[in-house]
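# Working through the structure, step by step
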Amino acid sequence: MWGDVSTFIINSFGDSIFHSSFSPNSEIASDPFFLPIADLERASNETMPEFVSIERSMRASRTGQQTVNTPGKYMTGNRTYYYTSLNNSDYSFAFVIPERDHVIRYLSEAVNRSGLGVSYFHHLTAYASKLLRKKLPYAYEALEGETLNQSNYYHSTFFLQSGCFCDLFRYLYVMSPEEATLDVHQFMNGREKDVGCWEGGRYMKHVRAEVLLTSRAGRIWRESFNASLPVIQVYMGTERGVVRIFPGQRLPRTYNAVKRHWYKKAVLFPNKTIISLPYLDAIGHGRVMSISQAVFQGNVTGDKSPLPVKAVLSMDLLYANLQARLLDVIASNKNARKKGCGTLYRCLEGDSLAVKHVCETR
C-alpha cells in the first residue's frame with residue numbers, strides 16, 4: 001500500500017464485499033449490508049460515467065484495465081483501474097492507482113548533514129556498555145552516561161519497527177542488544193551505501209532517510225521543550241516504521257506506531273487534529289491524552305488532489321496534570337459557577353450552524 005492506491009472486491013451484483021476504505025469489524029454480522037461499488041467509487045458525489053463500463057466488465061468476470069478522469073473535489077486527476085475475476089467464483093478484484101502514484105516515491109537522503117547532528121538509537125543503556133564505549137566513546141559523554149536509565153532531555157532517540165529490518169531474526173535473537181545498537185547507530189549515522197534488502201542490505205531502503213529527516217524535528221522539540229507545560233513527550237511515526245521521540249527513551253521491542261490509535265485516527269482523518277480519550281501509555285507514563293496531526297508529502301507538482309500521509313506527529317499530555325490545570329482555570333474564572341457540572345447551554349447539531357438544541361455539561 002502506498003500513496004492513494006486502493007483495492008476492492010465486488011460480487012456479480014456490484015455489491016462491495018471489501019473496500020480499502022472500510023474499517024475492520026471485529027464481529028461477523030449475521031445479515032451484512034453491502035454498499036454498491038458505484039457509490040463508493042464516485043468522486044465526491046460527482047458523476048463518473050467511465051466507471052459504469054468498469055463495473056459492467058467486472059460483474060461479467062472480465063480482466064482488463066481502464067483509465068478514468070475523476071473531476072471531484074477530493075480525487076482529481078487520472079486513476080487507472082486494474083481488474084480481474086477470482087477463479088471459480090462470483091467475485092472480481094480491482095486495485096486503483098492514481099497517476100501520481102504509478103511510481104513509488106521515497107524520501108531522499110540529505111546530501112549535506114552538517115546541521116543534523118547525531119541520531120541515537122532508543123536502547124540508551126546499551127551506550128554505557130563496554131562495546132559501545134570503546135567503539136563510540138563520544139556517545140556516552142554526549143548522552144550524559146550516568147542518566148541513561150532515565151528519559152534523556154539532551155537528545156531525541158529513534159526506534160525502528162520490525163519491518164525496517166531485512167533479517168529480523170538476526171536482530172532479535174542472534175545479535176546482542178549492544179551489537180544491534182552499535183550496528184543500527186553506525187549505519188544510520190554513517191555513509192554506507194543504502195542498498196536495501198533486495199541487494200543484500202541489512203535495513204529496508206530509505207529507512208535511513210527517514211531517520212535523518214526526523215532528526216531535524218528532534219532538535220526543534222529539544223530547543224522548544226518547556227518542562228512547566230503538561231506535555232510529557234513529543235513523537236513522530238512514519239509510514240515505513242521509524243519513530244522519533246523526545247525526551248529520548250527506550251520503547252518496547254514490539255512497539256508498532258502504525259497500529260496505535262493515535263496514528264490510525266490521524267490517517268483516517270488527515271485534515272483534522274485528533275485529540276484522544278485518556279488511555280494507558282505504552283511506555284509506562286500512566287494515563288495520558290494524545291494530540292495528533294497527519295504529516296503530508298510535500299507537493300512539488302502543483303497537483304490539487306489530496307497529498308499522501310507520510311507520517312503522524314503527536315504529543316502526550318499527562319491526564320492528571322491536564323485535568324488539574326483545567327480545574328484551576330475554571331476555579332480562577334469569575335464565571336466559574338456558570339461552567340460547573342449540570343449547566344444547561346445551547347449547542348450546535350453536528351456541523352450545522354442553524355440547528356441548535358440544549359446540552360448539559362458533565
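Here's a quick rundown of the structure. (Residues numbered from 1 in each chain as written. Predicted model: local features only at pLDDT ≥ 70, side-chain atom pairs only at ≥ 80, totals over all residues. Heavy atoms only, no water.)

### Observations regarding the overall build of the protein
So the rule is basically this: For the purposes of this entry, the term helix denotes a DSSP run of H or I that reaches at least four residues, the term strand denotes a run of E that reaches at least two, and both are numbered from the N terminus. A 1.4 Å probe rolled over the protein chains alone gives each residue an accessible area, and that area as a share of the maximum for its type sets the label: buried under 20%, exposed over 50%, partly exposed in between. Contacts are residue-level and defined by heavy atoms, with any inter-residue pair within 4.5 Å sufficient. In this description, accessible areas are obtained by the Shrake-Rupley approach with a 1.4 Å probe, and a residue is regarded as covered only by the protein chains that are shown.
A count of helical and extended segments in the protein gives nine helices and 15 strands. Relative to its full complement of 362 residues, the protein shows a buried share of 37%. Across the protein, every contact between residues at least 6 apart in sequence was considered, and the portion connecting residues at least 24 apart equals 55%. With the model as given, the accessible surface of the protein reaches about 21500 Å², and the carbon-plus-sulfur share is 55%.

### So, helix H2 (residues 50-59)
We apply this condition: For this quantity, the arc is that covered by the directions from the helix axis to the C-beta atoms.
For H2, the full list of buried residues reads Phe51, Ile54, Glu55, Ser57 and Met58. Summarising the axial view, the buried residues of H2 lie within an arc of 160°, below the 170-degree limit, and thus occupy one face. A positive phi of about 65° marks Ser61, the residue just after H2.

### A short note on helix H7 (residues 207-224)
Every α-helical turn comprises 3.6 residues, leaving residues that sit three or four positions apart pointing alike. The condition is simple: Multiplying one less than the number of residues by 1.5 Å gives the expected span of a helix.
Here H7 spans 26 Å end to end across 18 residues, near enough to the 26 Å set by a 1.5 Å rise per residue. Next to the buried residues of H7 lie strand E7 (157-160), helix H6 (177-189), strand E8 (231-238), strand E9 (242-246) and strand E13 (309-318).

### Observations concerning empty space enclosed by the protein
Heads up, the condition is: The pocket and cavity definitions rest on a 1 Å grid over protein atoms only: a 1.4 Å probe that fits but cannot leave marks a cavity, an open set with protein on both sides within 12 Å along at least five of seven lines marks a pocket, and residues lining either have an atom within 4 Å of a point. Grid points are joined across faces, edges and corners, and a volume is the space filled by probe spheres set on the points. Classification convention: Asp, Glu, Lys, Arg as charged; Ala, Val, Leu, Ile, Met, Phe, Trp, Tyr, Cys, Pro as nonpolar; all other residues, Gly among them, as polar.
Across all of its chains, the model carries three cavities of 30 Å³ or more by this definition. For the largest cavity, the calculated volume is near 80 Å³. Around the largest cavity sit 13 residues that line it, and Tyr235, Tyr255, Trp262, Asp281 and Asp316 are the ones nearest its centre. The class makeup of the residues in the lining of the largest cavity is nine nonpolar, one polar and three charged.

### Things to note about the state of the cysteines
Here is the rule we go by: Two cysteine sulfur atoms form a disulfide, by the criterion used here, when they sit within 2.5 Å.
Counting across every chain of the model gives one disulfide. Put simply, Cys166 and Cys197 are joined by a disulfide, and their sulfur atoms are 1.9 Å apart. Residues Cys166 and Cys197 share a disulfide whose torsion about the S-S bond is about -90°; that sign makes it left-handed. One end of the pair, Cys166, is in the loop between E7 and helix H5 (168-174); the other, Cys197, is in the loop between H6 and H7, with 31 residues separating them in the sequence.

### Let's talk about the nonpolar core
What counts here: Residues belong to one nonpolar core when they are buried, are Ala, Val, Leu, Ile, Met, Phe, Trp, Tyr or Cys, and are joined through side-chain atoms within 4.5 Å.
Judged by nonpolar contacts, the single largest core of 24 residues is most densely connected at Tyr127, Leu160, Val184 and Met188. Breaking this core down by element, the ones donating at least two residues are strand E6 (120-121), E7, H5, H6 and H7. Of all the elements, H6 adds the most residues to this core, at five residues. Residue contacts for Val184: discarding those within four places in its chain leaves Phe121, Phe158, Leu160, Phe165 and Tyr203. Ranked by size, the runner-up nonpolar core spans 15 residues in total, among them Tyr235, Val243, Tyr279 and Val312.

### What about a nonpolar patch on the surface?
So the rule is basically this: Patches in this entry comprise residues that are over 30% relatively accessible and not in a salt bridge; like charges within 9 Å are linked, as are nonpolar side chains (Val, Leu, Ile, Met, Phe, Trp, Tyr) within 5 Å. Within this document, salt bridges are pairs made up of a side-chain nitrogen of Lys or Arg and a carboxyl oxygen of Asp or Glu, the two lying within 4 Å of each other.
Together, Ile17, Phe18, Phe34, Leu86 and Tyr91 make up an exposed nonpolar region whose accessible area comes to about 400 Å². Of note, Ile17 is situated in strand E2 (residues 16-19).

### Some thoughts on the packing of aromatic side chains
What counts is decided by this rule: Ring geometry is summarised as follows: Phe, Tyr and Trp rings, the Trp one being its six-membered ring, pair when their centres sit within 6.5 Å, and such pairs are stacked at plane angles under 30 degrees, edge-to-face over 60 and tilted between the two. Both a distance and an angle decide whether a charge sits over a ring: NZ of Lys or CZ of Arg must be within 6 Å of the ring centre and within 35 degrees of the ring normal.
A complete count under the given rule lists 16 aromatic pairs for this structure. An angle of 70° between the planes, with centres 5.9 Å apart, marks the rings of Trp262 and Tyr263 as edge-to-face. Judged by its relative accessible area of 2%, Trp262 falls in the buried class. Classification of Tyr263 by relative accessible area gives buried; the value is 6%. Taken together, the aromatic side chains of Phe165, Tyr171, Phe187 and Tyr203 make up a single cluster linked through ring pairs. Residue placement shows Arg208 over the ring face of Phe187; its charged tip is 4.4 Å from the ring centre. Taking the ring centre of Tyr319 as reference, the NZ or CZ of Arg287 above it sits at 5.7 Å.

### Section: unusual backbone geometry
With omega at 0°, the peptide bond leading from Phe246 into Pro247 counts as cis. When you line up the elements, Pro247 lands in the loop between E9 and helix H8 (261-268). Unusually for a residue other than glycine, His206 sits at a positive phi of about 80°. With respect to the helices and strands, the residue His206 is situated in the loop between H6 and H7.

### Examining the side chain of Glu210
Put simply, the rule is: We treat Lys and Arg as the positive residues and Asp and Glu as the negative residues; His and chain ends play no part in the count.
The topology assignment puts Glu210 in helix H7. Buried charge without a salt bridge: Glu210, with Arg240 as the nearest opposite-charge side chain at an N-O distance of 4.6 Å. Setting aside residues up to four positions removed in sequence, Glu210 forms contacts with Leu107, Thr238, Arg240 and Val242.

The analysis is restricted to geometry; functional conclusions fall outside its scope.
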